[in-house]
Amino acid sequence: MAGNQASRRTFLGGAATAGLATGLAGCTFGQVTGAGGTTVVQLAAASGSYQAQSDINEALHEAGMPRDVRVSISVVGSSQAQSQYTRWLSAGLEKPDLLRMDSGWTIPFILREQIANLSESMPDVAQRIKDEYFQASVDTVTAPNGDVHGVPLFSDFGLVLYRKDLVEEAGFDPSGWATSPLSWKRFAEVAKQTKDRTDAKHGFTFQAMVYEGLSCCDFNEFMTTWGGSYFGARKNLLENVGERPVTVDADPVVKANRMLRTFIQGPDDSGALEEFAGPISPSAVLTWSEDPSLSAFTNGDAVMHRNWPYSLSVAGAEDAFGTNLGVMPIPYGVRPGEAQFAGMGGTKSALGGWHVTMNPNTKRKDAAREVLRAMTRDSFNVALMNILGYVPPKPDLLTSKQARSVDVLGRYVDQLELAGQNAVPRPATVVWPLQSPRIAQQVSAALSGDKSPNGAMNDLRRILEDIEHSAREGR
């Protein structure tokens with residue numbers, strides 16, 4: 001309906017990039033009771049949710065939230081949310097009742113016991129989450145003992161968008177690319193030859209600015225598809241701080257750096273990866289985050305582009321590329337059985353998305369639980385897909401007839417489902433805020449040519465080892 005489309009367009013203008021785009025600063029709070037005895041549950045979230053709160057409330061009521069309960073959205077900018085929540089919860093404030101948390105930083109709140117344990121207060125809901133949701137999303141809302149501390153609201157996964165019309169003009173057949181990942185070598189060949197045979201300026205664009213998005217997401221994908229890892233086996237990503245190995249100087253991680261050097265600098269560069277096509281990426285990627293890099297793609301300058309699902313609704317709209325927009329999973333460097341570290345290799349998509357957690361100090365626990373329960377219903381997830389372009393966090397629902405009928409995004413549910421099944425989280429532990437900027441700085445130095453790939457990764461290993469050692473000593 002028209003109201004839904006307006007809300008969705010507003011949201012897609014800047015709030016869906018897995019928490020990496022900024023929302024409105026500050027927050028607003030209303031009354032906790034409404035007319036006629038209505039209980040108002042305050043949810044801290046981004047501006048897109050605030051603008052769509054009427055539709056969100058209707059979807060919650062349709063999903064079983066009692067009619068005498070209403071959700072009021074309190075706007076907190078995505079970039080300020082983590083620090084704001086820390087202040088509120090540390091102070092024991094009772095409001096807001098519910099908090100929308102990035103999957104990349106929910107774990108520290110769980111470890112500090114600052115958000116409610118749903119396995120204790122809502123065991124049926126917690127079990128439903130374990131049974132029905134994408135495992136990577138579940139992992140980032142689960143305590144080491146297995147207890148669930150939040151409801152995944154939506155999932156985000158890295159994908160490659162491409163121009164079907166351009167690759168076909170260049171002589172390639174993209175049928176099968178949707179669910180059969182290409183190798184990075186083949187991907188580079190297609191991007192380079194398509195760029196050379198058409199009027200495209202760039203073969204492949206992505207995000208490599210020195211920021212969280214490089215360390216958590218883009219480089220995380222490039223590295224893990226080569227079988228590499230920040231901390232060895234996948235099981236170490238969310239636990240074992242101070243005891244896990246630091247493996248950023250391992251061969252697959254260095255190869256990922258060298259591949260990107262080839263993409264940007266070309267095959268004759270001293271740090272390039274032999275036999276890889278290039279250059280296919282502009283040096284501008286070193287300054288790009290999500291929206292600037294997407295603009296270069298939607299402007300018609302690039303053949304291939306890495307981004308999040310929000311970009312599909314932008315680039316796949318009828319006033320953009322429409323059905324000429326192709327989507328494929330992230331390519332691979334080595335197959336899973338060839339990976340140096342367990343759980344890595346093959347196509348891998350960085351995990352984004354947000355959860356909804358409950359403030360344990362709230363005075364409206366019963367009403368807040370009714371909101372969370374309704375948020376787990378399929379009808380609510382499908383409604384959010386229509387209203388805000390949110391990807392349902394449940395694999396079976398994502399590929400359902402209901403999801404396929406959603407405008408634009410529904411065309412790409414198979415690719416989204418594959419990405420979700422192969423999602424990899426950032427190592428979102430208590431020390432990640434210290435590690436993330438150091439990773440981004442050293443990777444950027446390797447890609448720009450300021451350091452050799454080997455040199456940058458050796459330096460990074462020493463930096464991360466120092467942080468891990470400090471965490472161990474501080475226990």
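Structure shown above.
Cut-off values and rules
- Residues numbered from 1 in each chain as written.
- Predicted model: local features only at pLDDT ≥ 70, side-chain atom pairs only at ≥ 80, totals over all residues.
- Heavy atoms only, no water.
- 1 Å grid on protein atoms, 1.4 Å probe; cavity = no way out; pocket = protein on both sides within 12 Å on 5 of 7 lines; lining within 4 Å.
- Points joined across faces, edges and corners; volume = space filled by probe spheres on them.
- Helix = DSSP H or I, 4+ residues; strand = E, 2+ residues; numbered from the N terminus.
- Domains from an automatic or database assignment.
- Buried < 20%, exposed > 50% of the residue type's maximum accessible area, 1.4 Å probe, protein only.
- Pairing = 2+ DSSP bridges.
- Axes fitted to C-alpha atoms, helices over the stretch in contact; angles between N-to-C directions.
- Left-handed = near helix turned anticlockwise from the far one by under 90°.
- Contact = heavy atoms within 4.5 Å.
- Nonpolar A, V, L, I, M, F, W, Y, C, P; charged D, E, K, R; others polar.
- Disulfide = S-S within 2.5 Å.

So, the layout of surface pockets
- One number sums up the size of the second largest pocket: a volume of about 260 Å³.
- For the second largest pocket, the lining is made up of 16 residues, of which Asp139, Thr142, Ala143, Leu238 and Glu239 are closest to its centre.
- Breaking the lining of the second largest pocket down by element, the ones donating at least two residues are helix H5 (106-111) and helix H8 (135-139).
- Ranked by residue count, the leading element in the lining of the second largest pocket is H8, at three residues.
- Split by domain, the residues of the lining of the second largest pocket number at least three in each of domain 1 (39-149 + 353-421) and domain 2 (157-348 + 425-474).

Regarding the pairing of strand E2 (residues 69-75)
- Most of E2 sits inside the fold, with six of its seven residues counted as buried.
- In the sheet, strand E1 (residues 39-45) pairs with E2 via seven bridges, with the strands oriented parallel. Paired with glutamine 42 across the strands is serine 72, a residue of E2.

Some remarks on the packing of helix H11 (residues 212-225) against helix H12 (residues 251-265)
- Relative to each other, H11 and H12 sit at 115 degrees, their axes nearing to 8 Å. Pair H11 / H12 crosses with right-handed handedness. Side by side, H11 and H12 meet where Phe219, Phe222 and Met223 of the first sit next to Val253, Ala256, Asn257, Met259 and Leu260 of the second.
- Split into classes, the residues belonging to the contact of H11 with H12 amount to seven nonpolar, one polar and no charged.

Some points on the state of the cysteines
- Summed over the entire model, instances satisfying the criterion amount to one disulfide.
- A disulfide bridge connects cysteine 216 with cysteine 217, and the sulfur atoms are separated by 2.1 Å. Between cysteine 216 and cysteine 217, the disulfide has an S-S torsion of -70 degrees and is therefore left-handed. You'll find cysteine 216 and cysteine 217 in the same group, each marked buried.

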